[in-house]
Every structure is written in structure tokens, then in C-alpha cells.
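The lines below spell out each chain.
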Amino acid sequence: MKTTAVGSETTLARIIRLVESAQSAKAPIQHLVDKVSAVFVPVVLAIALLTFAGWWIAGGDIESSIINAVAVLVIACPCALGLATPAAIMAGTGVGARHGILIKDAEALELAHAVTTVVFDKTGTLTEGKPALTAALPEGLDEAELIRLAAAIQQGSEHPLARAVVEAAKAKGIAVPAAAQVAALPGRGVAAVVGGRALKLGSSRLLQESGIAPGRLAEAAAALEQQGNTISWLMADDGAQRLLGLLAFGDRVKASAQQAVAGLHALGVKTVLLTGDNKGSAATVGKALGIDQVIAEVLPADKANKIASLKGEGQVVAMVGDGINDAPALAAADVGIAMATGTDVAMHAAGVTLMRGDPALVPDAIDISRRTYRKIRQNLFWAFVYNLVGIPLAAFGLLSPVIAGAAMAFSSVSVITNALLLRRWSALGGRK
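This structure is a prediction, so every number in the text was calculated from the model and none was measured. (Residues numbered from 1 in each chain as written. Predicted model: local features only at pLDDT ≥ 70, side-chain atom pairs only at ≥ 80, totals over all residues. Heavy atoms only, no water.)

**Here's the deal with the confidence of the model for the protein chain**
Mean pLDDT for the protein chain: 84, with 93% of residues reaching 70 or above. Considering each helix and strand of the protein chain separately, the mean pLDDT is smallest for helix α1 (residues 11-24), with a value of 53, and largest for strand β2 (residues 117-120), with 96. (pLDDT = per-residue confidence, 0-100. Helix = DSSP H or I, 4+ residues; strand = E, 2+ residues; numbered from the N terminus.)

**Notes on the sheet that holds strand β1 (residues 101-103)**
One open sheet accounts for 7 strands, arranged β1-β13-β12-β11-β2-β9-β10; its pairing is mixed. One side of each edge strand has no neighbouring strand; the edge strands of this open sheet are β1 and β10 (293-295). Mean inter-strand twist for the sheet, computed between neighbouring axes without regard to direction, equals 20°. Sheet strands touched by helix α15 (residues 361-395): β1, β2, β11 (317-321), β12 (335-339) and β13 (352-354). Its angle to β1, the strand with the most contacts, is close to 45°. (Pairing = 2+ DSSP bridges. Axes fitted to C-alpha atoms, helices over the stretch in contact; angles between N-to-C directions. Contact = heavy atoms within 4.5 Å.)

**Some details on the sheet that holds strand β5 (residues 189-194)**
Taken in spatial order, the 6 strands make up an open sheet running β3-β8-β7-β6-β5-β4, and their pairing is antiparallel. A strand with exactly one partner marks an edge of an open sheet, and here the two such strands are β3 (132-138) and β4 (179-185). Averaged over all neighbouring strand pairs, the angle between strand axes comes to 20°, with direction disregarded. Here 5 bridges tie β4 to β5, and the two strands are oriented antiparallel to one another. Directly across from Leu185, in β5, lies its bridge partner Gly189. Each of β3, β7 (230-236) and β8 (242-250) is contacted by helix α7 (residues 160-171), which is oriented at about 100° to β8, the strand it contacts most.

**Quick notes on the pattern of salt bridges**
In this structure the tally under the stated criterion is 9 salt bridges. Across the pair Arg216 and Glu139 runs a salt bridge whose closest N-O atoms are separated by 2.8 Å. In this pair, Arg216 is assigned in the loop between α8 (204-209) and α9 (217-226) and Glu139 in the loop between β3 and α6 (143-154), connecting sequence segments 77 residues apart. When its relative accessible area of 28% is taken as the criterion, Glu139 is described as partly exposed. Its salt-bridge partner being Glu145, residue Arg148 comes within 2.9 Å of it at the nearest N-O pair. Of the two residues, Arg148 and Glu145 are both situated in helix α6; the distance of 3 residues between them amounts to about one turn of the helix. On the accessibility criterion, Arg148 (25% relative accessible area) is partly exposed. Taken together, the shared-partner salt bridges in this structure form one network comprising Asp121, Lys303 and Asp326. (Salt bridge = Lys/Arg side-chain N within 4 Å of Asp/Glu carboxyl O. Buried < 20%, exposed > 50% of the residue type's maximum accessible area, 1.4 Å probe, protein only.)

Have a look at this one:
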């Protein structure tokens with residue numbers, strides 16, 4: 001065993017640093033109630049003192065002065081203001097959880113209402129994440145040998161494409177040899193030695209960087225990509241680099257993916273597909289689903305940069321993903337939304353987790369956030385109206401402390417009741 005990176009230099013450690021950096025760059029949420037409280041409390045205390053002084057000077061009756069001042073303090077008790085935000089957030093997170101939307105913190109719930117752009121990863125997010133080998137086109141060897149060599153390189157990998165190759169080899173009864181010196185090529189593919197031959201298997205980017213022309217397979221590859229297939233190239237790397245063939249993988253789009261995109265468009269939200277897959281496959285999926293913008297062939301480390309670029313254009317961005325490579329982008333987005341069917345790292349980086357891995361829950365999450373934020377604003381509005389009406393009445397002696405206390409309690413009940421109306425929310429399109 002040979003260790004090439006330890007501690008802080010491992011790939012996982014670098015991903016963690018990217019996530020932490022993105023998280024620390026987020027602007028803290030500004031709660032309206034916190035801003036108001038800094039002014040509201042001292043103003044009410046001042047009004048109570050003025051009420052006491054005014055009644056004492058005007059009538060000389062200290063008892064009436066104290067009663068009216070206390071009435072001001074009671075009617076202005078900021079219970080409704082204090083309950084307005086947490087009551088709505090409690091109801092919003094509760095209704096989300098019942099529909100399979102786990103909102104990890106109030107900040108994500110509040111930010112999601114302002115989202116203008118939703119960025120989707122492709123594999124495992126919009127597609128099933130269970131690709132199958134659809135074509136194997138050899139160059140200078142037979143199909144069985146092409147699959148045998150590709151399966152040997154990938155048999156120790158957990159990547160969905162790797163599993164598809166190994167399963168295809170098993171289905172065809174092909175004996176898979178052991179590989180040596182297996183090395184990952186981040187964002188590109190994998191290299192290994194099989195039977196003394198140095199091989200590389202990876203994306204079109206790896207093919208180009210190796211300086212190998214696709215030759216007669218170029219036309220077939222383009223046609224397969226247009227059908228939505230992902231293409232991997234097998235290359236010999238034993239001195240004279242040459243092409244050995246291509247493998248095509250098909251992955252079904254999730255049944256609810258089109259509904260998710262349509263739901264977001266109905267909410268006025270722009271959609272973007274951000275993937276490391278080839279342009280042809282990404283464009284096919286994007287067109288089939290009606291996605292507004294497709295960004296393909298993006299390296300894992302560059303996904304967070306693409307998110308930052310969208311935010312730099314003034315967009316409020318939500319990122320939806322499921323893989324380890326999506327974690328930095330999930331953290332860099334204003335709101336990260338992870339699929340529970342994906343990796344733990346992605347769920348840790350995201351503020352929202354979709355427990356069923358259903359992309360149609362994305363517009364539902366945004367709709368819940370918008371309705372929750374609307375309830376917060378309604379609650380704060382009525383709390384302010386209540387105080388604007390009640391404080392003058394108490395200051396002029398038109399409310400006793402008993403009535404003021406009852407009114408204060410009623411305002412708190414009304415705020416809670418309004419927030420609990422969120423429990424009547426149902427999924428967009430009537431889905432259960």
C-alpha cells in the first residue's frame with residue numbers, strides 16, 4: 001500500500017475545507033424582530049414613563065398614574081412579536097417534515113422564499129442514478145475484451161457507471177481479471193494496469209487531454225450522446241497511447257423530474273442543470289425536462305465556482321444534489337437541498353434534505369418557505385397594528401391593566417392560530 005496524501009491533504013479533507021469555506025461566506029440571516037426589538041422595548045418604556053409623569057402632573061393621582069403606566073406596559077408586552085417568527089417556522093418545518101422535506105434550520109427555511117434560480121445535479125438527482133451499459137463499441141479488439149478490461153479497472157469502484165460495467169460483464173459471463181495500480185483521475189476517470197497493460201477509462205475530457213482522436217467512433221459517440229447516453233472511453237497508456245473503444249451508459253430520468261421543473265417555472269424560478277457529464281447527454285436531458293440553462297462537463301471542484309458566479313449575477317441560488325462532489329456547491333448556494341438517497345456528506349452540507357429523493361419536492365420546499373415567510377410578515381403586521389392601536393388607548397387611560405392583559409393574550413393566540421393555518425398546506429399539483 002502506498003499513501004500519496006494524508007491528513008489535511010486527502011481528497012475528503014479538501015472537500016471539507018471547501019464546504020467550510022462556503023459556509024463561512026454566507027451572510028447571516030437578518031431577523032426583522034431582532035431589529036425591531038432594539039427600538040421597540042426602550043420606546044415602550046419611555047412611553048410608560050411619560051404616561052406615568054403626564055397623569056401625575058395632570059391629576060396628581062399617583063394610583064391612576066401607575067395603573068395607566070402599567071396598562072401601557074401590559075398592552076405592549078411583546079409576546080405577539082416574539083411568537084410571530086418562531087410560531088410560523090415551527091409550523092412550516094412541521095408541514096415540510098410530514099411531506100418528506102426535512103428542513104435542518106430556520107435560516108434555510110427563511111432564505112428559500114427568495115430563491116430565483118434552482119441548480120440541479122444530473123445523475124442521482126434528476127435521473128435514477130442506476131445507469132446500465134447500452135453500447136460497447138471496440139476499436140482493434142472484440143466487444144467481450146473491451147468489457148473485460150473496463151470491468152477489471154472498475155470492479156473496486158462504487159461509482160454507478162463502474163457498477164454498470166461490472167454487472168454487464170457478469171451478465172455476459174465474462175471473467176474479470178484483477179487490476180493493479182488503480183488510480184482515480186478526479187473528474188476525468190480512472191487509470192490501472194490489467195494483465196501488464198496500462199489502461200485509462202474516462203470521459204471525453206480525459207480523451208482530449210490524452211491527445212487521442214476518437215476517429216471512426218466520433219460519429220457513433222455523438223449519436224449516443226444525443227440519445228442521452230453518457231460516454232466513457234477506454235485507452236491504452238503503454239507508451240503509444242491509443243483508443244480501445246467506447247462504452248455508453250443510459251440512465252432513466254426520474255418520473256417526477258419534469259413535474260419538478262414545471263413546478264419551479266410556475267413559481268417563477270429559473271432552472272439550471274449543472275453536471276460533469278458530456279454536453280450531448282446533458283443537453284438531451286435538459287431539453288426533455290424543459291430546463292432553462294445547461295452547464296455540462298464541469299469538474300467537481302468547479303461546481304462551487306459556478307454557483308458563486310450565478311450568485312454574482314444577483315441570483316438567489318438553491319443547489320440540488322446528492323453526491324460527495326456536490327457538497328461544496330450545496331454549501332456555496334444560498335440554500336442547499338440534498339437527496340436523502342445520496343451521500344451523508346451532501347446531506348450534512350445542505351440545509352434542506354428531501355427524504356424521498358423526489359425532485360418534485362423541490363418546488364414544494366420553496367412554496368412552503370414562501371408561505372411561511374408570508375405568515376411571518378402577517379404575524380408581525382398584526383402585532384404592530386395591535387400595539388399601534390393599544391398603546392395610545394392605554395396611555396390615555398381608556399384601557400385597564402386587566403383588559404390590556406386579556407387583549408395581549410388574545411394577540412398571542414391570534415398569532416399562533418394564523419401560523420397553524422400552515423398545517424392546511426397541500427403539495428403543489430395535489431400530490432400526496
